[in-house]
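Each chain is listed here by its residues.
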Number of protein chains: 2
Amino acid sequence: MTTPLFDTVCFIGIGLINGSLARAMRKTGLVRRLVAVDIAAESCAAALELGIVDAAGSDWATVAEADLVVIGTPVGAVLEIGRAIGPHLKPGTVVTDVGSVKMAVIRDLTPSLPEGVAFVPGHPIAGTEHSGPRAGFAELFEGRWCILTPQTGTDPQAVDKVAEAWRRVGSMVEVMDPHHHDQVLAVTSHLPHLIAYTIVGTADDLEGHLKQEVIKFSASGFRDFTRIAASDPIMWRDIFLNNREAVLEVIQRFTEDLTALQRAIRWGEGEALEKKFSETRAIRRAIIDARQA
Amino acid sequence: MTTPLFDTVCFIGIGLINGSLARAMRKTGLVRRLVAVDIAAESCAAALELGIVDAAGSDWATVAEADLVVIGTPVGAVLEIGRAIGPHLKPGTVVTDVGSVKMAVIRDLTPSLPEGVAFVPGHPIAGTEHSGPRAGFAELFEGRWCILTPQTGTDPQAVDKVAEAWRRVGSMVEVMDPHHHDQVLAVTSHLPHLIAYTIVGTADDLEGHLKQEVIKFSASGFRDFTRIAASDPIMWRDIFLNNREAVLEVIQRFTEDLTALQRAIRWGEGEALEKKFSETRAIRRAIIDARQA
């Protein structure tokens, strides 16, 4: 147990990420009290049953008890959440979030925050294909990066405290411009998920018999895509709608590259294929070397 | 130890798959003697050093000692291999292979096989992104499917013996028409690998700084693609060149589906996105239920 960094944390939405963060915060003793607000009664019940928070319910005014608020909902809900919690936030409270896009969250949340409340947007690069508080675990963030995208003028002490909280739960912290974050994540996360959803959807549209065989023989590559295509649909809908420009830009690049490979296959250009397939091995090695494999 | 099913097996090419099969055959005692022919001296040396075969070298005439020959090379090499081993095969020998496409292998190998030699084309749905005999392990085929695509008129006893060999190393065996095999695998394996190579290539083309960040934050989805994009380049070049029509057909389907999602993102059609992302979850559950996850 270390010294508490915050007195009371209020989680808005208690799903996989906030549910894991609650466990990790409890385990490391970095807050004294943990409460949750979630519009889904079953999530509140599960969080209480699991003992990962001390209180849970649907009352937005609960944020008044907190000196740290962590928003962990689909990013499309942030505008309304800001309007709901804004009037209840007390000066000195630090608000952060765990959303996968940052420009839209800043746009939607900032207007609702009262004077004296610091907002430190965050994004832990961690997760699984499972959803809900029961799927969480305290070790989810260990050895993973957490990106913070504070705006110029944000209280540096608030940024430092949020960064320290992530470090205490095992993460490495990187501070980044929110626009740049959205561009990087469009490549590393949003495009891969869209591609996985697409390919699994393509298989899902096959006629019945062929579809059964795709499932049966999925160990040949396909199943790796189904795991990430099993991620939460609402969360991902909101990510694509809220990082539209960056995602459309990388889809365009991807499509051009796929067309080039398609053409090489059609014209039997073996050398071009082999060259491309050899280059991609180097990236895998770099990821293994960076201990993110 | 069970009764040997074959006296001597000769592996043509001793990489990941044949190297694993050698270990599994040794472990289960299903052959008396194991030999390997590989044009790469270092693969032969490794196989001998690992003790997974009793003899290894580059002499095609070695197949004369075998009553089972297992071809485990990139499928583009099969035509030349057939010409090289054909004159040395003794009547009664069973030839099989482990290639990822079946129509092309049948086309390329059959003309070189003498009277009295049965060919039972095979494809174990198992593998890793690693290559070479050192990467192999005896348990690779346990609980995995192996597809056999014998042609009408092939000695049923030869088919039975090859099927029994795969069962003894832990696989489940499915007999299938070779053309159908190539269509199913185009969806479950060839398209996923092509997409993975493409997306990793797209990232590889980014300017230096952004590329470093893609590696750093790859845990957000991208790294799942880099694993399969690290597979053997020559093997995959040959697969695409030898299953051209089926692969081009599924690329076309995939591109149409991606374009539809791209359009939904551009026009902010949240409902369409959510519907698509929800449907794909069912396939993941089916794969888990089929114990192939």
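This structure is a prediction, so every number in the text was calculated from the model and none was measured.

> How would you summarise the domain arrangement of chain A if you had to cite specific residues and measurements?
Residue and element names in this part refer to chain A. Here chain A is described as being made up of domain 1 (6-176) and domain 2 (180-289). Its C-alpha centre places domain 1 at a distance of 30 Å from the equivalent point of domain 2. Among the residues making up the side of domain 1 that touches domain 2, the classes are represented as 7 nonpolar, 5 polar and 2 charged.

> Go over the relation of the copies chain B and chain A, please, and point to the residues and values.
The operation relating the two chain copies consists of a rotation about an axis and a shift along that axis. Overlaying chain B with chain A gives an RMSD of 0.0 Å, the required rotation being 180 degrees about an axis along which the chain moves by 0.0 Å. Seen this way, the second copy is the image of the first under a two-fold rotation axis. Among all residues of chain B, the one whose C-alpha sits closest to the rotation axis is B:Asp224, at a distance of 3.5 Å. Take the interface residues of chain B: 100% of them recur as interface residues in chain A, which is what a same-surface contact looks like.

> Requested: an account of the sheet that holds strand 9 (residues 172-175) of chain A, with residues and values cited.
All names here are of chain A. What the 3 strands build is an open sheet, ordered 7-8-9; its pairing is mixed. Bordering the open sheet on either side are strand 7 (122-124) and strand 9, each of which pairs with just one other strand. Averaged over all pairs of adjacent strands, the angle between strand axes in this sheet comes to 20 degrees, irrespective of strand direction. Sheet topology note: the strand 7/strand 8 (residues 145-148) ladder contains 3 bridges and is antiparallel. Paired with His-123 across the strands is Ile-147, a residue of strand 8.

> I'd love a proper account of the pairing of strand 9 (residues 172-175) of chain B, names of residues and values included.
As a general feature of sheets, a regular strand has side chains that alternate between the two faces. Residue and element names in this part refer to chain B. Relative to strand 9, strand 8 (residues 145-148) runs parallel, the two being bridged by 4 bridges. Bridge pairing in strand 9 places Cys-146 opposite Val-173. In terms of handedness, the path from strand 8 via helix 5 (residues 156-168) over to strand 9 forms a crossover that is right-handed.

> Now, about the environment of B:Ala290: what can you tell me, with residues and values included?
Structurally, the position occupied by B:Ala290 is in the segment after helix 11 (270-289). On the basis of neighbour counts, which here come to 16 C-beta atoms within 10 Å, the residue B:Ala290 falls in the partly exposed class. Not counting the four nearest positions on each side in its chain, B:Ala290 is found in contact with A:Ile215 and A:Lys216.

> Run through helix 10 (residues 244-266) of chain B, naming residues and quoting values.
Given a rise of 1.5 Å per residue, 23 residues ought to cover 33 Å, and the 32 Å separating the end C-alpha atoms of helix 10 of chain B matches this to within 8%. Summarising the contacts, the buried residues of helix 10 of chain B are in contact with helix 6 (178-204), helix 9 (233-242) and helix 10 (244-266) of chain A together with helix 6 (178-204), helix 9 (233-242) and helix 11 of chain B. Directly beyond the C-terminal end of helix 10 of chain B, a positive phi value near 65 degrees is found at B:Gly268.

Criteria and thresholds
Residues numbered from 1 in each chain as written. Chains lettered and ligands numbered in written order. Predicted model: local features only at pLDDT ≥ 70, side-chain atom pairs only at ≥ 80, totals over all residues. Domains from an automatic or database assignment. Nonpolar A, V, L, I, M, F, W, Y, C, P; charged D, E, K, R; others polar. Least-squares fit on C-alpha atoms with pLDDT ≥ 70 in both. Contact = placed C-beta atoms within 7 Å. Pairing = 2+ DSSP bridges. Helix = DSSP H or I, 4+ residues; strand = E, 2+ residues; numbered from the N terminus. Axes fitted to C-alpha atoms, helices over the stretch in contact; angles between N-to-C directions. Right-handed = clockwise from strand over helix to strand, strands pointing away. Buried ≥ 20, exposed ≤ 12 C-beta atoms within 10 Å, placed from the backbone. Expected span 1.5 Å × (residues − 1).

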